[in-house]
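Close look at the chain arrangement
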Amino acid sequence: MDGPALEIGTVTQQAGPLPANQLRPRISLDGPWDLAVPGLPARKIAVPGPWQADPDLRTYTGTATYRRRVQIPTDWEGRRILLHFGAVDYRASVQVNGVRVGEHEGGYLPFDLEIQDAAPAGAEAIIEATVSDDMAPDIPKGKQSWYGPLAGIWQPVWLEAAGDLYIEELRIAADPSSGRVSVRPSLGGSAGDHSFRLVVRGPDRAVQEADDLAVTIARPQRWDLDTPALYRAEVSVLRDGALMDTQAGTFGFRTVEARGGKIWLNGRPIFLAGALDQDYYPATMCTPPSEAFLRSELELAKELGLNCLRCHIKVPDPRYLDWADRVGMLIWAELPNWETLSPEAERRARETLAGMIARDGNHPCIVAWTIINESWGVDLVGDDTHRRWLEEMVDLVRTADPSRIVVDNSACKPNFHVRSDLNDFHFYASIPDQRDRWDYFLEDWTKHPGATFSPHGDATRRGDEPMVVSEFGNWGLPDPAGLLEQNGDEPWWFDTGQDWAGGVVHPHDVERRAREWRLDEIFGNLLAIFEASQEHQFESIQYEVEKMRLRPEIAGFVVTEFTDLFWECNGLLDLHRRPKAGHGGYRWIFGPDLPIAVPERRRCFVGEEMRIAMHVAHASDRDLTRATLRWRGSDGSSQGETAVDVLGWTAPRVADVIIRPQSAGRLRLELELVDDTAAMAGRNWTDIAVFDRPEPEVAAWSDDPAVLGFLEGAGWPTDRTGGTLVSTGLDRRRSGVWLAAAGDEGDGVRAVERTGSAWEGDWAQGMHWFDPALRRGTPLLPRVDITCGRMVPSAVLTGPRPAQTLAGMYVGWIHKAVATAAVLRPGVVATTWPILQAGPRDPLAVSLLANLLLATMR
């Protein structure tokens, strides 16, 4: 293959927050630094942290100079004094006592500089770092154009004293099959004869030593999701028998592969239950607030039932990876993107990936590298040279790190894969609005997995790449009251997002918009609106996961996303890592073994017979060949159990259950899957809306045979000589219900098709609602939920005011609220709910029409 090799750079590797040893004393320079910004007053700023964490510098992208004084200890005499920077975004030029000691380009990787000539032992060191935030289109910057720029010294800084010969980096290779551990150190300082000594300490405190750089561990413990066994390698370098330096790094024994349509961890297939993680924080933005915070959020991820975080197009702080190692969380790591592929962009991509592998290669938590996300920064669709470049990059990464999965381009329409270990794809659909679209996507993709590879005949495909839905999800609005500043003001980011999705993701004034549309009245109070949005999010994700699990061809998923990020509120947690509604349920629906109830429909009349297919999706090591599936209805009308004999990586239909609900209301069918030891293997539930048949309280008349037949079939008397009109067209001569379709207009109201409009809602989803007048005598919730599926309006009504609205929807942060049913004038009601299409056998259609007819008589 032509092209340059991916050279693994030399960077300082400290695997874990290891204390400095006596041979390498350390002084932390974290804390307040002076910051000088042209044209602004001098200020103090916290290091580490981007300068945009300062309210005055939120959008500043120029040059700034950091300054810090420190006293060099006198006992560092005769030592090499190293100034370490964890990461500085983007360019840094460093002076000590007015002497230029070095510079660095690249916003994500560590570098160190020797400064003893400029600041010897016993002297004061005045450290100045001039940092420029270059926003050129061929520089890797990740998603800074989405959420705001990041610049400055955003990872820790420290001074360290080293000897004449010292260890810069440890590359550790651990082979689980043989137990062999080999370490490759890189050295700094003066050359000359030297030798090494290696000590490996196991999680069981066993110690093994060697006078070279390799040992063999008998029966090594595997690093795994539930048993994240970590080893520690300590390497000493000696010269003429004298100890010159010692450094340590942690590592684990584990394997990961993508083959046979599955992802294999330590030789067994696992179902990947992941979440996208953009690694942002409330006050410190790209800098983790503390190790305690990192530990807590990774434990929350485990609590949610996740086994993987896709750290999205950002190189994280090493402490993030340290804690992922410790808690047993898989990390899917990604290269930050640029805007334009150029020779300089190609160089920076190679150097950044090489530095990522060098810095983070010892972390067992990292199982995958992604080079490109959604074709950002390249043109895979239209430029074959870009496709060839990406193939070369895949081969370079595989050569540099054969121990991990490599993804070329984490794809979405219209882009694709060219050469990849995973066949991953992104797809967003609003549930329940677009449930048919979601179902079709899964059906079509699993039938034609090659459709997500290049259609130009230049893809290299094995044919057994595991299929992973690597982005999907739904929005759930956080409670704004929990996001306010201490003084009660909105957080600064509430005034961002105007440039995305037509402005519907702009949070500012969200509570005012909710009140304007009477949502506080409809839902009971303001808090209830946001709780309902979060319940809607959970229910949507539950549906999407169930549909994936019913297709064993799908090897895993990555839900968007782990936490909210400012205006993007599709997190399982909010920005402050507070749980959302449904938090306790995610661990079950994300679990490897999931019982799934598939009702033939989600709503029925009282006494109607309903068939429910029971499935069990099985992807764990647990033996389910002698398991039991139990179900019980919340109304007490249905319960039972069946024996289950399920093999791994299947989702068979294990039983058909017939229920006949005897009372109106919301019926929740609870499912429990237990193995032959009576241990709980999985839980799930499904909701069914049970309707009473409406009383014939109103008369209706129409010359439309379809409408007339519907009314008669629904049990309403009809009068052909007069009464209330139900029509597919607005009749100005009569009062009645206007069943409007896209393109209809009248009385200042227009019915607008949602597809292709701001109300499509496939990404910045919103929520539909019902006024109490439309819920009268029904089991409907204020929010339109999964029980309304396949009847959600495909058009909206523009023109009605909030006071006129009987049903409606919003998108994003309660923007573009609009009616789907409204009182136009006394005696005339319009709706885009597809009542005729659903027909008289649909209890939702019948009940909505009954209440709409009543609304004409107010």
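Residues numbered from 1 in each chain as written. Predicted model: local features only at pLDDT ≥ 70, side-chain atom pairs only at ≥ 80, totals over all residues. Heavy atoms only, no water.

1. What to know about the overall build of the protein
Scanning the protein for helices and strands turns up 14 helices and 47 strands. Scaling as 2.2 N^0.38, a compact globule of 858 residues should have a C-alpha radius of gyration of about 29 Å, and the protein matches this with 31 Å. Along the longest, intermediate and shortest principal axes, the C-alpha atoms of the protein span 110 × 70 × 50 Å. Taking as baseline every contact in the protein between residues at least 6 positions apart, the subset at least 24 positions apart corresponds to 70%. (Helix = DSSP H or I, 4+ residues; strand = E, 2+ residues; numbered from the N terminus. Rg over C-alpha atoms; globule rule 2.2 N^0.38 Å. Contact = heavy atoms within 4.5 Å.)

2. Focus: the packing of helix 2 (residues 291-303) against helix 3 (residues 318-327)
Contact geometry of helix 2 with helix 3 gives a least axis separation of 9 Å together with a crossing angle of 45°. Judged on the interaxial angle alone, helix 3 and helix 2 are oblique. In the packing of helix 2 onto helix 3, the handedness of the crossing is right-handed. Within the contact between the two elements, helix 2 uses E291, L294, R295, E297, L298, E299 and K302 and helix 3 uses R319, Y320, W323, A324 and V327. Here the residues of the contact of helix 2 with helix 3 are counted per class, giving six nonpolar, no polar and six charged. (Axes fitted to C-alpha atoms, helices over the stretch in contact; angles between N-to-C directions. Parallel < 35°, antiparallel > 145°, perpendicular 65-115°, else oblique. Left-handed = near helix turned anticlockwise from the far one by under 90°. Nonpolar A, V, L, I, M, F, W, Y, C, P; charged D, E, K, R; others polar.)

3. A few points about the sheet that holds strand 17 (residues 214-216)
If you walk across this open sheet you meet the three strands as 13-14-17, and the pairing is antiparallel. The two strands at the open ends of the sheet, each matched to only one other strand, are strand 13 (165-174) and strand 17. Ignoring strand direction, the axes of neighbouring strands in this sheet form an average angle of 20°. Where strand 13 meets strand 14 (residues 180-189), nine bridges bridge the pair, whose relative direction is antiparallel. Along strand 14, the bridge assignment pairs A173 with S182. (Pairing = 2+ DSSP bridges.)

4. Remarks on helix 3
Burial analysis of helix 3 places eight of its 10 residues in the buried class, which makes it a mostly covered element. Along its buried surface, helix 3 packs onto strand 23 (272-277), helix 2, strand 24 (308-311), strand 25 (330-334), helix 4 (343-360) and strand 26 (366-373). Two residues or fewer after helix 3 comes G328, characterised by a positive phi angle close to 85°. (Buried < 20%, exposed > 50% of the residue type's maximum accessible area, 1.4 Å probe, protein only.)

5. What to know about the packing of helix 4 against helix 5 (residues 384-400)
Running from amino to carboxyl end, helix 4 crosses helix 5 at an angle of 20°, the nearest separation of the two axes being 11 Å. The angle between helix 4 and helix 5 falls in the class roughly parallel. Here the hand of the crossing between helix 4 and helix 5 comes out right-handed. Seen from helix 4, the contacting residues are E346, A349, R350, L353 and I357; seen from helix 5, they are W389, M393, L396, V397 and A400.

6. Some words on the layout of surface pockets
Here the largest pocket defines a volume of roughly 780 Å³. For the largest pocket, the lining is made up of 27 residues, of which L225, D226, G591, P592 and S620 are closest to its centre. Sorting the residues of the lining of the largest pocket by element identifies strand 22 (268-270), helix 2, helix 10 (583-589) and strand 38 (680-691) as the ones contributing at least two each. Its residues assigned to classes, the lining of the largest pocket shows 12 nonpolar, six polar and nine charged. (1 Å grid on protein atoms, 1.4 Å probe; cavity = no way out; pocket = protein on both sides within 12 Å on 5 of 7 lines; lining within 4 Å. Points joined across faces, edges and corners; volume = space filled by probe spheres on them.)

7. Side note on the nonpolar core
Counting residues in each nonpolar core, the largest one holds 145 residues, and the members touching the most others are L309, I331, I371, W438, L519, F590 and W813. No other element matches helix 9 (residues 526-549), which puts 10 residues into this core. Every residue in contact with I331, bar those within four places of it in the chain, is listed here: L309, C311, Y320, L321, A324, C365, I366, V367 and A368. (Core = buried A, V, L, I, M, F, W, Y, C linked by side-chain atoms within 4.5 Å.)

8. Quick notes on the confidence of the model for the protein
Should the pLDDT be low somewhere, the predicted coordinates at that spot are not to be read in detail. Chain-level pLDDT for the protein is 92 on average; 94% of the residues reach the 70-or-more range. Long-range and interchain partners of residues 7-20, a stretch whose pLDDT sits below 50, account for 49 contacts in this model, where long-range means more than four residues apart. (pLDDT = per-residue confidence, 0-100.)

9. A word on empty space enclosed by the protein
Taken as a whole and judged by the stated rule, the model has eight cavities of 30 Å³ or more. A volume near 140 Å³ is recorded for the largest cavity. By volume, the second largest cavity amounts to about 90 Å³. Of all elements in the fold, only strand 21 (262-265), strand 25 and strand 26 reach the threshold of two or more residues within the lining of the second largest cavity. Split by residue class, the lining of the second largest cavity holds 12 nonpolar, no polar and no charged.

10. A word on the environment of H312
In this structure, H312 sits in the loop between strand 24 and helix 3. Residue H312 is classed as buried on the basis of its relative accessible area, which comes to 3%. The spatial distance from the C-alpha of H312 to the C-alpha of P336 is 8.0 Å, given a sequence separation of 24 residues. With residues up to four places along the chain from it excluded, the contact list for H312 reads K143, L276, D277, Q278, E334, N373 and E471.

11. Topic: the side chain of R603
Note on placement: R603 falls in strand 32 (residues 603-605). Here R603 falls in the buried class, since its relative accessible area comes to 7%. Of the polar contacts made by the side chain of R603, one reaches the backbone oxygen of T787; its length is 2.6 Å. Those residues in contact with R603, other than ones at most four positions away along the chain, are M610, I688, A689, F691, T787, C788, G789, M791, D842, P843 and L844. (Polar contact = N/O pair within 3.5 Å; in protein donor to acceptor, adjacent residues only side chain to side chain.)

12. Thoughts on the state of the cysteines
Summed over all chains, the structure comprises zero disulfides. We note that C311 lacks a disulfide partner, and the nearest cysteine sulfur, in C365, lies 9.8 Å from it. The thiol of C788 is not disulfide-bonded; the next cysteine sulfur, from C604, is found 13 Å away. A residue is classified by how much of its surface remains accessible, and C788, at 1% relative accessible area, is buried. (Disulfide = S-S within 2.5 Å.)

13. A word on the pattern of salt bridges
Across all of its chains, the model carries 69 salt bridges by this definition. The shortest N-O distance in the salt bridge between R67 and E128 comes to 3.2 Å. With R67 in strand 4 (residues 63-71) and E128 in strand 10 (residues 124-132), this pair connects stretches of sequence that are 61 residues apart. The exposure class assigned to R67 is partly exposed, which follows from its relative accessible area of 29%. Since its relative accessible area comes to 24%, E128 is described here as partly exposed. For R653, the salt bridge goes to D656, with nearest N and O atoms at 2.7 Å. (Salt bridge = Lys/Arg side-chain N within 4 Å of Asp/Glu carboxyl O.)

14. Considerations on the packing of aromatic side chains
A complete count under the given rule lists 41 aromatic pairs for this structure. Seen from their ring centres, Y231 and F251 are 5.7 Å apart, and the 25° between their planes marks the pair as stacked. Here Y231, found in strand 18 (residues 231-239), pairs with F251, found in strand 19 (residues 242-251); they are 20 residues apart in sequence, far enough to count as distant. Judged on exposure class, the residue Y231 and its partner F251 are both buried. Here the aromatic rings of F538 and Y586 are separated by 4.8 Å at their centres, their planes lie at 70°, and the arrangement is edge-to-face. Taken together, the residues F538 in helix 9 and Y586 in helix 10 connect sequence positions 48 residues apart. With respect to burial, F538 and Y586 carry one shared label: buried. (Phe/Tyr/Trp six-rings, centres within 6.5 Å; stacked < 30°, edge-to-face > 60°.)

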